[in-house]
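# A structural walkthrough
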Amino acid sequence: MPDIAEDGRTWVLSGPAASYAVHVTEGGELLHLHWGPRITPADAVALAARPLPACRPFESPLDGREEYPVEGGPRFVRPALSLRTGTRRGTEWTYEGHESGDGELRLHFRDGGLAITLHYRMRPSTDVVERWVTLDNHGPAVEVLRADSATWTLPDRDSWRLSRLHGRWGAESRLTRSELTHGEEVIGSRRGHTSHQHLPWVALDSGAGEESGEVYGCALGWSGSWRIAVALLPDARVQITGGAGYDDSGLLLLGPGESYTTPVFAGLWTDGGFGGASRAWHAYQRAYVIPDAGRDRPVLFNSWEATGFDISERQQRALAERAAALGVELFVVDDGWFGARTGDGAGLGDWTPNPDRFPDGLAPLAAHVHALGMQFGIWVEPEMVNPDSDLYRAHPDWVQYQPGRKRTEFRNQLVLNLAREDVRQYLWEQLDGLLSSAPVDYVKWDFNRCFTDAGWPQDPYPQRLWVDHVRGLYALLDRLRAAHPQVAFESCSGGGGRIDLGVLGRTDQVWTSDNTDPLDRLAIQYGFSQIHPARVMAAWVTDSPNAMFNHRTSSLKFRFVSAMAGVLGVGGDLTRWSEEGLAQARDWVALYKQIRPLVQRGDLYRLRPPQGGLSAVQYVLGDETVVLAWLQAQRFGEPAPALRLRGLNPTETYECPETGEVHRGAVLLHHGLRVDLRGDLDAAVVRLKRK
Ligand code: GLA
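Residues numbered from 1 in each chain as written. Predicted model: local features only at pLDDT ≥ 70, side-chain atom pairs only at ≥ 80, totals over all residues. Heavy atoms only, no water.

Right, let's get into the domain arrangement of the protein. Along its sequence, the protein is carved into domain 1 (3-288), domain 2 (300-596) and domain 3 (608-690). Facing 44 residues of domain 1, the contacting portion of domain 2 comprises 40 residues. Summed over both sides, the interface between domain 1 and domain 2 buries roughly 3200 Å², with carbon and sulfur atoms accounting for 60% of that surface. Where domain 1 meets domain 2, there are zero salt bridges. Taken together, domain 1 and domain 2 are joined by 23 residue pairs in polar contact (both at pLDDT 80 or more). Of all elements in the fold, only β10 (142-147), β13 (171-179), β15 (198-205), β16 (215-220), β19 (252-254), β20 (259-261) and α2 (273-288) reach the threshold of two or more residues within the side of domain 1 that touches domain 2. Among the elements that line the side of domain 1 that touches domain 2, the one with the most residues is α2, at seven residues. Among the residues making up the side of domain 1 that touches domain 2, the classes are represented as 19 nonpolar, 17 polar and eight charged. (Domains from an automatic or database assignment. Contact = heavy atoms within 4.5 Å. Buried area = accessible area lost by both parts, 1.4 Å probe. Salt bridge = Lys/Arg side-chain N within 4 Å of Asp/Glu carboxyl O. Polar contact = N/O pair within 3.5 Å; in protein donor to acceptor, adjacent residues only side chain to side chain. Helix = DSSP H or I, 4+ residues; strand = E, 2+ residues; numbered from the N terminus. Nonpolar A, V, L, I, M, F, W, Y, C, P; charged D, E, K, R; others polar.)

Right, here's the structure in full:
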């Protein structure tokens, strides 16, 4: 519950280790006071009593100190809120009061007929602050050019480093860390989806290490276009502002009586270094974001790399039999099972089984898969349409388009306008019908292109489709989940193009990357783990050489140990695997099931980053720990270093169940575990249990 100080205008939210404090001045200005270690309301009041810097003609004392800078008046920082009416631009708000309850603090402001509420929530036993804003319009229409979810203000430090996750298709989530210099660093997506190019997350530190030091992190829960701007202001203050939409050219038009709620922008302070920050983010998502995160995800087989578009019921049955024999628990038929979808040129939009390939629908294959003891899953891409489809022929105006302009095709497909009620209703009927027509347990929901022609000719304010598409997607997912609670969903967008706290609130796992090369994956997984937990990070073992990406040859061992760091899947053509390969795979799947609770629910320690030589991660849950280690290439004279483990009790001993070897906690923590890896692309799994 937020604490309110005696002055009645200072509030402190506290978690187990962190506090966050804000203050409304007598003049009605909302100031940021504190984000960091726990403080008391009296500490916050003392902070509030510190005078603002003197007012100078070319500088504003408010800049870098306000909690949510609006546009207009004595402010020169990037505004979090930018509004326009027929006669005026900007906001001049007055403080109206506060409310608290259900662990949430609400600060109410008003500008004419527009009520603006800032929301704060710290969920029990986390240090994550969730922030969002609601606009309730009781006056004439207001154009919302921009409404960020939050602005975060950092304390004064000598210097700051900015960490971010950048990438591209097949090479997502690359961690980079660089010194913050004066001016702004802006990341985001203007593609209509979260994007492969940046995950909506930043971290700032002033000298943290993997296991020590202060780290500030912010992550946005939004699956459309977005922007996070990190500014180092002239007086060395740092502010981070972010929200939905890439630019300030218009988000929506708020008519009389209408409301808008921004997505949540979550922030976390920790002094446990980057590793501590990741573990806190993971725990928060498992507790409050990911549905049913206490339940471990099954080992899946996916047909995409094995059979591509060339699928048939008989061939999928054969694959399913091989998969079941390996211990796979969920069999997913990827693209190519519906409409005229024999390649990427046709069929998207027509969500009925292809009559040549599945003459009796999907039910017989689903029954076979179930009889083999596995769950059954399918691939869909509901937000898209091929022009060569029955849907497009019937409704060419259901796509996003600009009148009289080219309709840009990517992968021969166009984007449906999910802001339209009729489109959402059609998709609901198709998908609800599909999930009712066969016993489907799992849906891989894909999104394989960006917005390019985001127009909506009939709508008076067409740009609202950027926001309403995402809301439409969320509403559809929520409705399907409610109607089919036994079905799990995977978020995919050509691999990792739609991974964020918003979609994770309504999907069970994500497709991390189309790139299944096990070495490339280590870097992708390292970046991914900065913010998201292994519980949602799907990873498949595919064929070697890796035909889809870099043709690298790697052992089955290396491929398995790489994929076992997340939600294990198999995606190779099992009909071409040797008996020996299948037998080894069976053993790896069995081992994964033993370590799965640790990987999916445990605390992650990144022991060494995936750069060059030896890298490793460790998961700890209760009495057990497991280390996954990978040697990229051995160099003569450079022995693989011992791995200093984390999260163990120095006074206890730990036994490896496979070898019976006993290790002392203090030795593992200080001197490390020696793992015998040799040659190129070697890997190992070491399990240890407290004696
Ligand atoms: C995307 C996905 C792949 C696969 C194909 C099917 O690229 O990321 O995993 O499902 O679509 O067309």
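As enumerated under the stated definition, the model contains 28 aromatic pairs in all. Ring geometry for Trp-351 and Trp-379: centres 6.4 Å apart, planes at 55°, overall tilted. Note that Trp-351 is positioned in the loop between β23 (330-333) and α5 (363-371) and Trp-379 in strand β24 (residues 375-380), a separation of 28 residues in sequence. Comparing Trp-351 with Trp-379 shows no difference in burial state: the two are buried. The interplanar angle of 50° and the centroid separation of 6.4 Å between the aromatic rings of Phe-447 and Phe-451 together place this pair among those described as tilted. Across the pair, Phe-451 and Phe-447 agree in class, each one buried. Members of the aromatic cluster, each reached through a chain of ring pairs, are Tyr-20, Trp-35, Tyr-120, Trp-152, Trp-160, Tyr-216 and Phe-265. Over the face of the ring belonging to Trp-428 we find Arg-479, whose NZ or CZ atom lies 3.9 Å from the ring centre. If you follow Arg-506 out to its NZ or CZ, it ends over the ring of Tyr-474, 3.9 Å from the centre. (Phe/Tyr/Trp six-rings, centres within 6.5 Å; stacked < 30°, edge-to-face > 60°. Buried < 20%, exposed > 50% of the residue type's maximum accessible area, 1.4 Å probe, protein only. Lys NZ or Arg CZ within 6 Å of the ring centre and 35° of its normal.)

Remark: helix α10 (residues 518-528) packs on helix α11 (residues 556-563), axes separated minimally by 9 Å, with the N-to-C direction vectors making an angle of 20°. Classified by the interaxial angle, the pair formed by α10 and α11 is roughly parallel. Relative to α11, α10 is oriented so that their crossing is left-handed. Mapping the contact onto sequence places Pro-518, Leu-519, Arg-521, Leu-522 and Gln-525 in α10 and Phe-558, Arg-559 and Ser-562 in α11. Residue classes in the contact of α10 with α11 are distributed as four nonpolar, two polar and two charged. (Axes fitted to C-alpha atoms, helices over the stretch in contact; angles between N-to-C directions. Parallel < 35°, antiparallel > 145°, perpendicular 65-115°, else oblique. Left-handed = near helix turned anticlockwise from the far one by under 90°.)

This part takes up the pairing of β23. Residue alternation in β23 divides its side chains into two sets, Leu-330 and Val-332 and Phe-331 and Val-333, and both sets are buried. Across four bridges, β23 lies against β24 in parallel orientation. Looking at β24, one finds that Leu-330 is bridged to Gln-375. One crossover worth recording links β23 to the parallel β24 by way of α5, and it is right-handed. (Pairing = 2+ DSSP bridges. Right-handed = clockwise from strand over helix to strand, strands pointing away.)

In this section: the pattern of salt bridges. Pairing between side chains becomes possible if they bear opposite charge and their charged atoms approach one another. Counted by the stated rule, this structure contains 49 salt bridges. Residue Glu-130 is joined to Arg-121 by a salt bridge in which the shortest nitrogen-to-oxygen separation is 2.7 Å. A residue is classified by how much of its surface remains accessible, and Glu-130, at 3% relative accessible area, is buried. When the shortest N-O distance is used, the salt bridge between Arg-157 and Glu-214 registers 3.0 Å. Pair noted here: Arg-157 is in the loop between β11 (150-153) and β12 (161-168) and Glu-214 is in the loop between β15 and β16, with a separation of 57 residues, a long-range link. In the salt-bridge network here, residues are joined through shared partners; they are Asp-459, Arg-464, Asp-468 and Arg-471.

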